[in-house]
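Secondary and tertiary structure notes
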Amino acid sequence: MPPKRILLVDDDEFFVASIRAILESNGYAVDVAGDGQEGLRKISESPPDLVVLDVMMTTLSEGFDVARKLKAEAATRTLPILMLTAVSQRFNMPFSPEEEWLPVDRFLEKPVEPEALLREVGALLGA
Amino acid sequence: MEGDRAPESEAPEPGSPPDRIPLHLELVDRLGWLVRLRWIAVFGLAVVIVATRFILRIPVPIAILFAIAAAIALYNAAFWLAVRAAIRAASIRLQVAERLAVTQIILDLFALGLLIHFAGGVENPFIFYFIFHIIIASMLLGARAVRQIIVFAILLLSLIAYLEYAGIVPHWPLAGFASPDLHRNGTYVLAVVFVFGTTLLLAAYMMGGIGRRLLDRETQLVRTREDLAGESRRLEEALRLIREVEGRRSRFLRQSAHQLRSPLATIKTVVRSIADGHFGPVTERQRWLLSGMETRSTELLATIQDLLHLAHIREADTMREWKDVDLARLSRRILSEETARARERGIKLEVEIARGDLTIQGFEKWLRDLLACLVENAIRYSRSGGAVTYRLRREGDEVVGEVRDQGIGIPPEYVDQIFEEFVRAPNAKKMVPEGTGLGLSIVKSVIDAHRGRIDVASRLDEGSTFTFKLPCRHPAAASRRTEPDGAPRDVARG
């Protein structure tokens, strides 16, 4: 069975390297996009099984913008999204996790514990 | 006839306050009172006329007396309009206000004089009602003006009495009430005028003293009120500036902390990945070094997180939404979470939560952090075998909480600073090396945001007691909608 494909969208190359290493060592195939635009392009060309998205890239809420776009499109509405944030998702962000319009499926706060990452990825991919 | 305000080139009358009229607008307010009183007087006059004619059956010229009453009502309406216009404009020159006062009083005296003439002249016991106008003049005007008004009143009555005595004007007797020729009795007339005049003078003298003192007090009060209003405006402006500066500082703090946290989060993740062997095998020494890096990163992240939390709480005034928080329920939840930790450390957790309503208005997440921090600190700094007591009760409009431990205590020289940022007493650092020193600052900020108070009593090596009081209703509470995005880190480190 081919490995599950994960697209990692984050502009921090060091962070990406460590997350990639964790995921690949656990049998996932990982592709990387350095910003939201590249991420959307890669998703449209070849949809992954899961998107791991950083909240802040070039702008403070770029991750949310990408997530909203994906959820708005019929073709990508059901694509699971795991969002990584460097601050608590309840802390001064323009949303509340209780709100229904939140465009992501799960959150994980940085710094990312490998076990927590693998747990969330596994849950979203139904492993 | 002028009020007693001295022209600028003249010194004020000796013994008089520098500005006799406290505020010209205060005078206008008094004149408004006088106008209202005059309406009552007109009504009373009508009643007396009717009672005199139809109950006492004294044949008085009703038509003339009612005409005078109507004239009084008419000029009172004019004064009412003038006073209302002055109040609305909130600006009137002092001299104009004084002239308004003098005019009213003179017209009243004149009207009273006419009433007296057409209703018995010197026979009429109501001649002593002139005293009321002297009293009113004493309250409104200066001593010189009052004296002039007294002279006018005496001359007026004397004129009426003389004209009737001399037969120059017809006398309108109060038939059946007094002797019909009393007005022709020179001795009687002189006596009445004399008593009348001296009564007015004595009344003015007595009222002058009392009135001046009252006027002085009122002048002081009005000036104090004006000063306080000015101070209040200055304080409000200062408070606004302070809030603006604090808001800027908090925003700066938040943004700075935010920018620091992101790279640190990456460092920690990368270090952990390397240590876990995701980038190839690592030696024991390398793992030890990486572990140290991870620990330092964790500490730094905790500090930044606490700073972010603190900045967020200190902007609580900008938050609009509060809700009811049941502190009893919240306390029980926190204490049940802490029970296991306390048991591990061999510490007994005693809980006394009073029955009844222990609800306050506030942010539940912050209040959870507040209570959790106090309880965790109590457990953290207690030795095995000790006890931590948590009490919660209602006192009037406040909910009072107390967290007492039998731990290491706080050195006396640190007690006053214990709520400041980054303060950790040496004995605390020795017992628990890790800690940001921001936990109690966060506690204090949450207390302040809820307009509460917190105190600490502590003895070294015997323990500490933190007592907090939170008002049940927050001054800024406006609604019961859901609370805004809060910043509840899980645990505030103390």
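So, here's what we can say about the structure. As the structure is a computational prediction, the values presented were derived from the model and not from experiment. (Residues numbered from 1 in each chain as written. Chains lettered and ligands numbered in written order. Predicted model: local features only at pLDDT ≥ 70, side-chain atom pairs only at ≥ 80, totals over all residues. Heavy atoms only, no water.)

As a further point, take the overall build of chain A. Counting its regular elements, chain A contains four helices and five strands. The order of helices and strands in chain A, counted from the N terminus, is β-α-β-α-β-α-β-β-α. By the burial criterion, 54% of the 127 residues in chain A qualify as buried. Working note: accessible area of chain A is about 5,900 Å², and carbon and sulfur atoms make up 51% of it. (Helix = DSSP H or I, 4+ residues; strand = E, 2+ residues; numbered from the N terminus. Buried < 20%, exposed > 50% of the residue type's maximum accessible area, 1.4 Å probe, protein only. Areas by Shrake-Rupley, 256 points an atom, 1.4 Å probe, with all protein chains shown as cover.)

Residue and element names in this part refer to chain B. The biggest cluster of nonpolar side chains holds 57 residues, and the ones touching the most others in it are Leu31, Ile72, Phe130, Leu140, Leu141 and Leu200. Only helix H1 (24-55), helix H2 (62-89), helix H3 (94-117), helix H4 (130-140), helix H5 (143-165) and helix H6 (186-275) provide two or more residues apiece to this core. Judged by nonpolar contacts, the second largest core, of 48 residues, contains Leu330, Leu392, Ile454 and Cys472. (Core = buried A, V, L, I, M, F, W, Y, C linked by side-chain atoms within 4.5 Å.)

So, about helix H8 (residues 327-344) of chain B. All names here are of chain B. With 18 residues, H8 should reach 26 Å at 1.5 Å per residue; the first-to-last C-alpha distance of 26 Å fits that figure. Remark: the principal bend of H8, roughly 35°, maps to glutamate 338. Turning to H8, its buried residues are Leu327, Ala328, Leu330, Ser331, Ile334, Leu335, Glu338 and Ala342. Measuring from the backbone nitrogen of alanine 328 back to the side-chain oxygen at the start of H8 gives 3.0 Å, which picks out aspartate 326 as the cap. Glycine 346 sits one or two positions beyond H8 and adopts a positive phi of about 70°. (Expected span 1.5 Å × (residues − 1). Bend = angle between axes of the 7 residues up to and from the residue. Polar contact = N/O pair within 3.5 Å; in protein donor to acceptor, adjacent residues only side chain to side chain.)

Time to look at a nonpolar patch on the surface. Residues and elements named next belong to chain B. A cluster of nonpolar side chains, namely Val50, Phe54, Ile55, Leu56 and Phe66, defines an oily patch on the protein surface of about 500 Å² accessible area. Among the elements that line the nonpolar patch, the one with the most residues is H1, at three residues. Residue position: valine 50 is located in helix H1. (Patch = residues over 30% accessible without salt bridge, like charges linked within 9 Å, V, L, I, M, F, W, Y side chains within 5 Å. Salt bridge = Lys/Arg side-chain N within 4 Å of Asp/Glu carboxyl O.)

Attention shifts here to the sheet that holds strand E2 (residues 29-33) of chain A. All names here are of chain A. Taken in spatial order, the five strands of this open sheet run E2-E1-E3-E4-E5, and their pairing is parallel. Either end of the sheet is taken by a strand with one partner, and the two such strands are E2 and strand E5 (106-109). Strand after strand, the sheet turns through a mean of 20° between neighbouring axes, direction not considered. Pairing analysis gives four bridges linking strand E4 (residues 81-85) to E5, with the strands arranged parallel. By the bridge assignment for E5, threonine 85 is matched with glutamate 109. Strands in contact with helix H2 (residues 36-45) are strand E1 (5-9), E2 and strand E3 (50-54); relative to E2, the strand with the most contacts, it is inclined by about 135°. (Pairing = 2+ DSSP bridges. Axes fitted to C-alpha atoms, helices over the stretch in contact; angles between N-to-C directions. Contact = heavy atoms within 4.5 Å.)

Another aspect to go through is the sheet that holds strand E4 (residues 387-395) of chain B. Residues and elements named next belong to chain B. The strand order across the open sheet formed by five strands is E2-E4-E5-E7-E6, and the pairing between neighbours is mixed. Only two strands of the sheet have a single neighbouring strand rather than two, namely strand E2 (348-353) and strand E6 (453-459). Averaged over all pairs of adjacent strands, the angle between strand axes in this sheet comes to 10°, irrespective of strand direction. Relative to E4, E2 runs parallel, the two being bridged by six bridges. Looking at the pairing, glutamate 352 lines up with arginine 391 of E4. The sheet strands contacting H8 are E2, E4, strand E5 (398-405) and strand E7 (463-471), and the helix crosses E2 at an angle near 170°. Helix H9 (residues 364-380) contacts E4, E5, E6 and E7 of the sheet and is inclined by roughly 170° relative to E7.

Residue and element names in this part refer to chain B. Evaluation of the coordinates by the stated rule reveals 34 salt bridges over all chains. The salt bridge involving glutamate 398 is made with arginine 453; its shortest N-O contact spans 3.0 Å. Of this pair, glutamate 398 sits in strand E5 while arginine 453 is found in strand E6, placing the two residues 55 residues apart along the sequence. On the basis of relative accessible area, arginine 453 is assigned to the partly exposed category, the value being 42%.

With that out of the way, let us pick up the packing of aromatic side chains. Residue and element names in this part refer to chain B. Summed over the entire model, instances satisfying the criterion amount to nine aromatic pairs over all chains. Between phenylalanine 363 and tryptophan 366 the ring centres are 4.5 Å apart and the planes differ by 80°, which places this aromatic pair in the edge-to-face class. Its relative accessible area of 3% is what places phenylalanine 363 among the buried residues. Ring pairs connect the aromatic residues Phe126, Tyr129 and Phe132, which therefore count as one cluster. (Phe/Tyr/Trp six-rings, centres within 6.5 Å; stacked < 30°, edge-to-face > 60°.)

Now for unusual backbone geometry. Residue Pro111(A) follows Lys110(A) across a cis peptide bond; omega there is 0°. Counting through the fold element by element, Pro111(A) comes out in the loop between E5 and helix H4 (114-125). Of note, Arg57(B) is a non-glycine position whose phi angle comes to about 60°, a positive value. Relative to the assigned elements, Arg57(B) resides in the loop between H1 and H2. Phi is positive for Arg451(B), which is not a glycine, with a value near 60°.

Treat this as a map of the structure, not an account of what it does.
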